[in-house]
Every structure is written in C-alpha cells, then in structure tokens.
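# Analysis of the macromolecular model
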Amino acid sequence: MTAQGAGASFVDNMKTYIFKISEELDGERLDKALLHLIDSLSRSFIQKLIKEGGVTINGAATTRPAARVCTDDEVIFELPDAMRPEIAAENIPLDILYEDQDVIVVNKPKGMAVHPAAGHYSGTLVNALMYYCGTELSGINGVMRPGIVHRIDRDTTGALIVCKNDMAHNAIAAQLKEHSIHRVYHAICYGRIEENEGTVDAPIGRHPTDRKKMAVNFKTGKEAVTHYQVMERFEKYTYITCRLETGRTHQIRVHMASIGHPLLGDEVYAAGRTSPFKLQGQCLHAMTLGFVHPRSGEYIEVNAPLPEYFEHLLKVLGRHL
C-alpha cells in the first residue's frame, strides 16, 4: 500500500491511514481524493468502504463517496485486512525467466491453467505461485490476489508476468490498459498466408449464440488489434508472429480464424479442421514480453524459448516443403 500527493501526510499501522488534505485536493470528492492519495486501490473499492462507514472527515463518519473535502481536513481511512483466497499451495516447479523484488516472469507450460476453475482446481499456475511466493504476492481491493495481472490460455505456452506487491500490480495493470506492454506471440496457422504482414482490427466480444466462445462482434465487442507477420510458409500452413496492441480473451485465436487462418490444433475456433499432428490445443506461444519496470522505470524485455513440441513441429513441416 502506498500513499501519494503533495502535502498529504500519511501514517500506516497496517489498518489505519491518516491524511491531511492538501490545497490541490480542496473541493474534491472524497472518493476521488482517496483514489489520488492511495494508489493501490480502485475507485469502486474505495466507494464500497466509504459506504460501509470506513472513513471519517475531521472525526465525523461519512458514508457518502461524493462528500467534498477541504484543505487541512483530516481524513482517516480504515482498511480491512485482505482476505486470503482459499487456494491450495502446491509444490509445482516453475520455469522462471526473470525475477526481482517486485515481479516474476514465468514460462507457462502447455496444459497449465492460470487460475483454479471448474475442472482445474489444482495444478494451476496460481497453486504453484502460492507455494513459491507464499504471502509475497499482490492483493488488490481487499483480496490477496496471487499476483496475476494478465492471463494466457491453458494450452498457450510462454511468458506471463506476475506481481509480488500492489505497487507493481497497479503499474503493470496501467501499462496493460494503455497498451504499452510489448507482447509478441509465435503461432502456426492453417493455410498459406500470401501477404508478408497484415493487421486485424476488429472488436471482440462474446459469441452471440455460444457464450463459451469469443467472436468478432461489431455491436458489443471491445477494440482489438493484432499485427501479424509471416515467418515461414509451408505447403498447408504458415508460421507467423503476432504483436498485440490489445489483450482481449482469445484475441489471436479469434482474429486469425476471422480471416480464414485459424491456429493449428485449435479445438474451439478451427471448426471442421482436423489436425494431422498430435497436438494439445492451439499452436501458440507467448515469446516476448516487454514492460517498464514499476520501480526502476527501466524497460525490461524477456523472451521465452519456443517449447520443444513447437520446434519439432516446425522441423516436421519443413521436411514436407
């Protein structure tokens, strides 16, 4: 938990935060002022705590997020202890590409889900992180979230960043929101792509009839942009790299399928196509992850080597040219 803002004094005894409102926040809404002063909480969570009576102004309790604050007002903010999620810590080996006091970049293997969910309550990346890091993981909005700030699909391999504290979590989340994190994926798709490079700029949302799938959806979808470049062409397949501007669910899989080149092995979006190879899901690897370090401000770029199955598949396809 960090506090900021010119003229704001701050005492932390793990639960109580005491602020003296500075001139720059004079007349501001209470929720917005606290959002400015405490940079690791969301506005919605701050509003929730205000409504529950967790904030006083000059000793008087208020439940109104829209209450105005004035210069030199003393605001006391009572923050409840973060709830620990009921996730079992499991001693699962992690392939760590980069680690420091704030972040870890792991190379996620194929078949490992990121979060526990129906059908995958154990053996996930979160289970492994709970064992490896213990309590040294970010906890935003009153819940100790195990460091996860973005995800990749269960059968997608490669680089994924994990945050060890709230400061790092907020900084990386902001970069994701601003689309400033550099993310490059490698993939093999069906068909020969004739152009050397291209861009798919099409919004992605829930499939209109199959709610378990995503789709290009111009009515309710969110902006999604994928840049692709051909690395190598084979008789019936193309090896490409994809650079993401946005990070929508299943983005590369949906976008490549939308232009007639679904990913090899994709059991969801390559409808009617049967892979002649023994694959476990889509042939997709998060190769490069570049970000501005939340503490040092230094640009860091990490590369996850292609997994063995991917390298082998490229050799097999090359022999059939």
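### Re the overall build of the chain
The number of helices and strands found in the chain is 6 helices and 15 strands. Put simply, of all contacts in the chain between residues at least 6 apart along the chain, 64% involve residues at least 24 apart. For the chain, the accessible area works out to roughly 15,800 Å², and carbon and sulfur atoms hold 49% of it.

### Re the environment of Asn-127
In this structure, Asn-127 sits in helix 3 (residues 125–133). With 14 residues separating them in the primary sequence, Asn-127 and Ala-113 have C-alpha atoms 9.9 Å apart. Engagement of the side chain of Asn-127 in a polar contact is seen with the backbone oxygen of Ala-88, the distance being 2.7 Å.

### Observations concerning the pairing of strand 15 (residues 299–303)
Here strand 15 shows a clear split, with Ile-300 and Val-302 buried on one side and none of Tyr-299, Glu-301 and Asn-303 buried on the other. Of the pairings in the sheet, the one linking strand 14 (residues 284–292) to strand 15 comprises 5 bridges and is antiparallel in character. By the bridge assignment for strand 15, Thr-288 is matched with Asn-303. Between strand 14 and the antiparallel strand that follows it, strand 15, lie 6 residues; Gly-297 among them carries a positive phi value of about 80°.

### A look at the nonpolar core
Leu-125, Ile-148, Leu-160, Tyr-185, Ile-240, Ile-252 and Met-256 are the most contacted members of the largest nonpolar core, which totals 30 residues. When contributions to this core are tallied by element, the ones reaching two or more residues are strand 6 (103–108), helix 3, strand 7 (157–163), strand 8 (182–190), strand 12 (225–233), strand 13 (237–244), helix 5 (251–258) and strand 14. Here this core takes 5 residues from helix 3, the largest share from any one element. Once residues within four sequence positions are removed from consideration, Ile-240 is found in contact with Tyr-185, His-186, Ala-187, Cys-189, Ile-193, Tyr-228, Gln-229, Val-230, Met-231 and Met-256. Counting residues in each nonpolar core, the second largest holds 19 residues, with Ile-21, Leu-37, Ile-57 and Ala-67 among its members.

How each quantity is defined
Residues numbered from 1 in each chain as written. Predicted model: local features only at pLDDT ≥ 70, side-chain atom pairs only at ≥ 80, totals over all residues. Heavy atoms only, no water. Helix = DSSP H or I, 4+ residues; strand = E, 2+ residues; numbered from the N terminus. Contact = heavy atoms within 4.5 Å. Areas by Shrake-Rupley, 256 points an atom, 1.4 Å probe, with all protein chains shown as cover. Polar contact = N/O pair within 3.5 Å; in protein donor to acceptor, adjacent residues only side chain to side chain. Buried < 20%, exposed > 50% of the residue type's maximum accessible area, 1.4 Å probe, protein only. Pairing = 2+ DSSP bridges. Core = buried A, V, L, I, M, F, W, Y, C linked by side-chain atoms within 4.5 Å.

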